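Secondary and tertiary structure notes
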Amino acid sequence: MNQATPESNKVDSSVFLTISELRKSYGSREALRGINLDLKRGEFLCLFGPNGAGKSTLLKILATLLRPSSGTVQVLDYDLEEHAEKFRANLGMVSHQSFVYQDLTVLENLEFFAALYGVQDSQSRALELLEEVNLVDRYDMPAANLSRGMQQRLSIARALVNDPALLLLDEPYTGLDEHAASVLRDQLQKLHSRKRTIVMVTHNLRRGLESATRLGILAHGKLTYLQEKKDIDATAFEEIYFKHLGAA
Amino acid sequence: MTLTNRSSLFAGAAALLMPVAIGMIFFYAPLEKTMGSVQKIFYFHLPLAFSAFLSFFVAFVAGIMYLRTRRQVWDARLAASVEIGVVFTTLVLITGSLWGKPIWNTYWTWDPRLTTSLILWFIYASCLILRSAVEEEGKRATYCAVMAIVGFVDVPIVFFSARLWRSIHPVVIRSDSVGLESSMLITLLVSMLAMLAFWIGLYKFRVSLQLQEAAANELLNPKD
Amino acid sequence: MSSLHQIRFLLCKDLRVELRKKESLVSMAFFGALILVILNIATGIGKQVDAETGAGILWVAVMFSSVLGLGRVFAREKENGCVAALLISPAAPWEIYVAKALVNFTLMVLSELVLVPVFYVLFGAQLQGTPLTLVPILLLVNLGFSVTGTLISAISAGTRRNEVLLPILLFPLLLPLIAFAVKATSAALAARPFAELLDQLEPMAAFCVIFAVVGYLLFPFAIRED
């Protein structure tokens with residue numbers, strides 16, 4: 001199942017995710033207008049773009065929450081739509097919504113999701129994650145009683161419950177306090193060092209630049225820029241970003 | 001646009017047939033012996049009921065097609081047919097009541113057909129309320145498609161359950177014979193034809209209006 | 001990972017929340033009892049109702065109280081976007097559907113444990129049938145209400161007017177089920193032979209089967225975003 005993607009400069013055996021000619025329209029509005037992208041295992045891609053550029057739509061398609069209007073997403077030679085159920089077991093997502101139940105305790109939340117993902121010993125997995133996000137001492141507190149920062153740390157732990165092969169982050173830094181932001185950054189670095197593939201969408205340049213290995217800019221439903229981070233420096237990227245926004 | 005041309009074709013046919021049908025109802029069809037002139041409402045009542053049911057069937061098919069293809073045109077078809085179906089069912093209920101008052105001595109009775117029509121009216125009117133309550137196009141289309149399918153599946157159950165009440169509704173058209181004199185039958189057929197042409201014209205008109213409305217919305221509120 | 005496990009996890013999660021907060025259950029039982037009292041006053045204090053009126057009264061109370069609980073079943077999932085979390089989890093949409101319908105079924109059974117005794121206290125003086133014959137009718141209505149209601153509540157919860165739209169969309173669809181239930185209940189309350197009830201129980205069961213299948217097929221569309 002090999003298809004020629006227009007910018008397939010790095011199709012090799014370790015390609016993890018292939019997006020080709022992806023389009024999504026609502027009625028006659030086009031949110032995504034032909035996205036092509038290859039991701040290798042262990043890559044950390046950060047996509048920037050203004051509101052309405054189609055960032056969230058792209059992420060939702062990758063998360064199997066939306067179906068593309070046309071085009072395909074392939075994960076390790078499997079079509080995403082056809083094998084959505086298998087794929088979901090290896091997927092994690094952090095969104096600006098916390099995805100946790102207000103009326104369950106911290107531990108119950110994690111245990112529930114761990115069970116849903118078929119994690120063998122859901123309780124020890126939950127405790128292990130609470131350790132990592134510094135919430136162990138709050139384990140029996142209802143999520144509703146947590147401060148906003150703690151809720152955010154809980155939602156990060158929730159997304160990692162199945163040790164996802166692909167982690168999707170939709171504006172994860174929005175409204176995060178310093179502590180939660182540093183927890184998130186540490187967790188991302190940990191995952192990255194363990195060869196997990198990460199796709200983050202944000203308009204926060206500083207946060208995006210600090211941990212990504214690859215940078216992209218999405219404007220008006222098109223990927224207008226895509227580059228390895230090691231090839232450019234941060235200040236140059238800022239200029240490029242604003243130039244792309246201006247052009248769009 | 002071909003769509004508008006074809007819709008005006010059917011509208012024109014309806015404009016021709018409708019007066020003919022009315023003329024035949026009053027001057028051609030004989031006066032019914034026991035019921036008198038009230039019976040003439042039947043020539044509109046039955047075609048209206050048939051077209052209303054047709055609307056709900058079209059909505060059902062459009063609902064399935066929308067969920068399968070996600071194409072906006074199916075949503076427009078669904079919306080148009082549900083709207084027309086609700087209006088026609090309202091007319092069925094009104095014409096039926098007008099007829100029922102002198103004949104049954106009551107505007108309303110819990111007869112299976114009346115009950116079924118009323119419940120259908122509620123089901124599809126609720127679908128219209130739902131349409132007005134959801135702004136996101138994709139969501140609105142999906143929800144209405146689901147409701148149109150569920151509503152149509154409910155129809156036979158509603159009719160079956162309504163048989164709990166004893167029927168006093170006249171059964172004019174049976175599978176084996178038609179309980180009508182031939183001039184009455186011809187009048188009925190012409191009225192039916194007129195109503196169907198009217199239905200199709202109205203339907204085509206509403207579908208194209210729905211699509212134009214969506215396009216206009218798109219121009220007024222671009223997503224970016 | 002078997003579906004049975006997934007359904008159990010989802011069900012336990014909801015029931016745990018429900019039994020801890022008891023918000024749905026308390027409001028369902030309270031509102032249902034309130035309706036019974038209002039109808040008792042409305043039919044005239046001190047007057048006895050016959051079996052047919054009694055059946056109608058019981059079902060008005062059950063319907064209106066149950067729709068309160070049903071509204072919460074999905075509203076809770078929407079709070080922090082949890083629906084999306086479930087959709088991207090390995091749990092299949094139909095497993096979510098079954099779990100939610102079971103949650104609602106359980107809530108209805110529990111609230112009826114309060115409502116039926118209250119009904120008998122207020123209206124029972126002239127009714128001859130034993131409450132036991134009501135059990136199959138109640139269970140079938142609970143099932144039909146849950147399988148239909150879960151589908152419709154997924155729709156109404158996706159709008160901004162959940163609480164208003166839910167009964168508006170749901171009750172017309174349930175009317176045939178209620179018609180059968182009222183007929184069966186009046187037979188039961190008048191202590192008529194059980195065979196007479198069967199004529200109503202069979203179509204009620206058919207209603208449950210049909211809408212369970214419809215719900216199973218359509219729920220995945222109703223719950224998704226696109």
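Let us look at the structure shown here. (Residues numbered from 1 in each chain as written. Chains lettered and ligands numbered in written order. Predicted model: local features only at pLDDT ≥ 70, side-chain atom pairs only at ≥ 80, totals over all residues. Heavy atoms only, no water.)

1. Re the pairing of strand E3 (residues 44-48) of chain A
Residue and element names in this part refer to chain A. Note the threshold: Whether a residue is buried, partly exposed or exposed follows from its accessible area with a 1.4 Å probe, protein chains only, as a fraction of its type maximum: under 20%, in between, or over 50%, in that order. The secondary structure listing takes helices from DSSP runs of H or I that are at least 4 residues long and strands from runs of E that are at least 2 residues long, numbered from the N terminus. Paired strands, as defined in this entry, are two strands with at least two bridges between them according to DSSP.
Most of E3 sits out of view: 5 of its 5 residues are buried. Burial of E3 is two-sided: the residues Phe 44, Cys 46 and Phe 48 facing one way and the residues Leu 45 and Leu 47 facing the other way are all buried. When E3 meets strand E8 (residues 197-202), the two strands line up parallel, connected through 5 bridges. Bridge pairing in E8 links Leu 47 to Val 201.

2. Section: the interface of chain B and chain C
Our working definition: Between two residues, a contact is recorded if the distance between any of their heavy atoms is within 4.5 Å. The term buried area refers to how much accessible surface (probe radius 1.4 Å) is lost by two components on association, counted for both of them together. We define a salt bridge as a contact between a side-chain nitrogen of Lys or Arg and a carboxyl oxygen of Asp or Glu at a distance within 4 Å.
With 28 residues of chain B in contact, the opposing surface of chain C contributes 29 residues. Taken over both partners, the interface formed by chain B and chain C buries close to 2600 Å², and the fraction arising from carbon and sulfur atoms is 77%. A per-residue breakdown of the area chain B buries against chain C is headed by Tyr143(B), Val150(B) and Leu164(B), which together make up 22% of the total. Our count for the chain B to chain C interface comes out at 1 salt bridge. The partner of Glu135(B) in a salt bridge is Arg160(C), and the shortest N-O contact between them spans 3.7 Å. Counting only elements with at least two residues in the side of chain B that touches chain C, the list comes to helix H4 (112-133) and helix H5 (137-162) of chain B.

3. Considerations on the sheet that holds strand E2 (residues 29-40) of chain A
Residue and element names in this part refer to chain A. If you walk across this open sheet you meet the 4 strands as E2-E1-E4-E5, and the pairing is antiparallel. Two strands in the sheet have a free side with no partner beyond their single neighbour: E2 and strand E5 (78-79). As paired elements, strand E1 (residues 15-26) and strand E4 (residues 70-75) share 5 bridges and run antiparallel to each other. Note on E4: the bridge partner recorded for Thr 18 is Gln 74.

4. Quick notes on the interface of chain C and chain A
Here is the rule: Polar contact criterion, stated in full: a pair of N or O atoms within 3.5 Å, where within protein one must be able to donate a hydrogen and the other to accept it, and residues adjacent in sequence count only if both atoms are side-chain atoms. Amino acids outside the nonpolar list (Ala, Val, Leu, Ile, Met, Phe, Trp, Tyr, Cys, Pro) and the charged list (Asp, Glu, Lys, Arg) are all regarded as polar, and Gly is one of them.
Listed per partner, the contact involves 28 residues of chain C and 30 residues of chain A. At the boundary of chain C with chain A, total buried surface from both sides reaches about 2700 Å², with 57% on carbon and sulfur atoms. Counting every contact that joins chain C to chain A gives 4 salt bridges. A salt bridge links Lys21(C) to Asp103(A), with the nearest nitrogen and oxygen atoms 3.7 Å apart. For the pair chain C and chain A, the interface holds 12 residue pairs in polar contact (both at pLDDT 80 or more). Contributions of two or more residues to the side of chain C that touches chain A are made by helix H1 (3-21), helix H3 (51-78) and helix H4 (82-87) of chain C. The greatest single-element share of the side of chain C that touches chain A, amounting to 8 residues, is contributed by H1(C). Looking at the side of chain C that touches chain A, its residues break down into 13 nonpolar, 4 polar and 11 charged.

5. Points about unusual backbone geometry
Its identity is not glycine, yet Phe99(A) carries a phi of approximately 60 degrees, on the positive side. Phi at Lys22(C) is positive, roughly 55 degrees, even though this residue is not glycine. Within the element layout of this structure, Lys22(C) appears in the loop between H1 and helix H2 (23-42).

6. Points about helix H4 (residues 122-132) of chain A
Owing to its 3.6 residues per turn, the α-helix aligns residues three or four sequence positions apart on the same side. What counts here: What the arc measures is the spread of directions leading from the helix axis to the C-beta atoms.
Residues of H4(A) that are buried include every one of Ser122(A), Arg125(A), Ala126(A), Leu129(A) and Leu130(A), and no others. In a view along the axis of H4(A), the buried residues occupy a sector of 135 degrees, so they form one face of it.

7. Focus on the environment of Leu188(B)
All names here are of chain B. Relative to the helices and strands, Leu 188 is located in helix H6 (residues 182-220). Using a relative accessible area of 3% as the deciding quantity, one classes Leu 188 as buried. Note: C-alpha distance between Leu 188 and Lys 40 (148 residues apart in sequence) is 9.8 Å.

8. Details of the sheet that holds strand E6 (residues 91-94) of chain A
All names here are of chain A. Defined as follows: Here an axis means a line fitted to C-alpha atoms, over the contact stretch when the element is a helix, while the angle between two N-to-C directions is reported on a 0 to 180 degree scale.
The strand order across the open sheet formed by 6 strands is E6-E7-E8-E3-E9-E10, and the pairing between neighbours is mixed. The open sheet has two edge strands with one neighbour each: E6 and strand E10 (222-228). Neighbouring strand axes in the sheet, compared pairwise and without regard to direction, differ in orientation by 15 degrees on average. As judged from the 6 bridges shared by strand E9 (residues 214-219) and E10, these two strands associate in the antiparallel manner. Bridge assignment links Leu 215 to a residue of E10, and that residue is Gln 227.

9. Some remarks on helix H3 (residues 106-116) of chain A
With respect to burial, H3(A) is a largely interior element, 10 of its 11 residues being buried. Taken residue by residue, H3(A) has Val106(A), Leu107(A), Glu108(A), Asn109(A), Leu110(A), Phe112(A), Phe113(A), Ala114(A), Ala115(A) and Leu116(A) as its buried positions. Residues of H3(A) that are buried make contact with H4 and helix H5 (148-159) of chain A together with H1 and H4 of chain C. A positive backbone phi angle near 70 degrees is found at Gly118(A), which sits one or two residues after H3(A).

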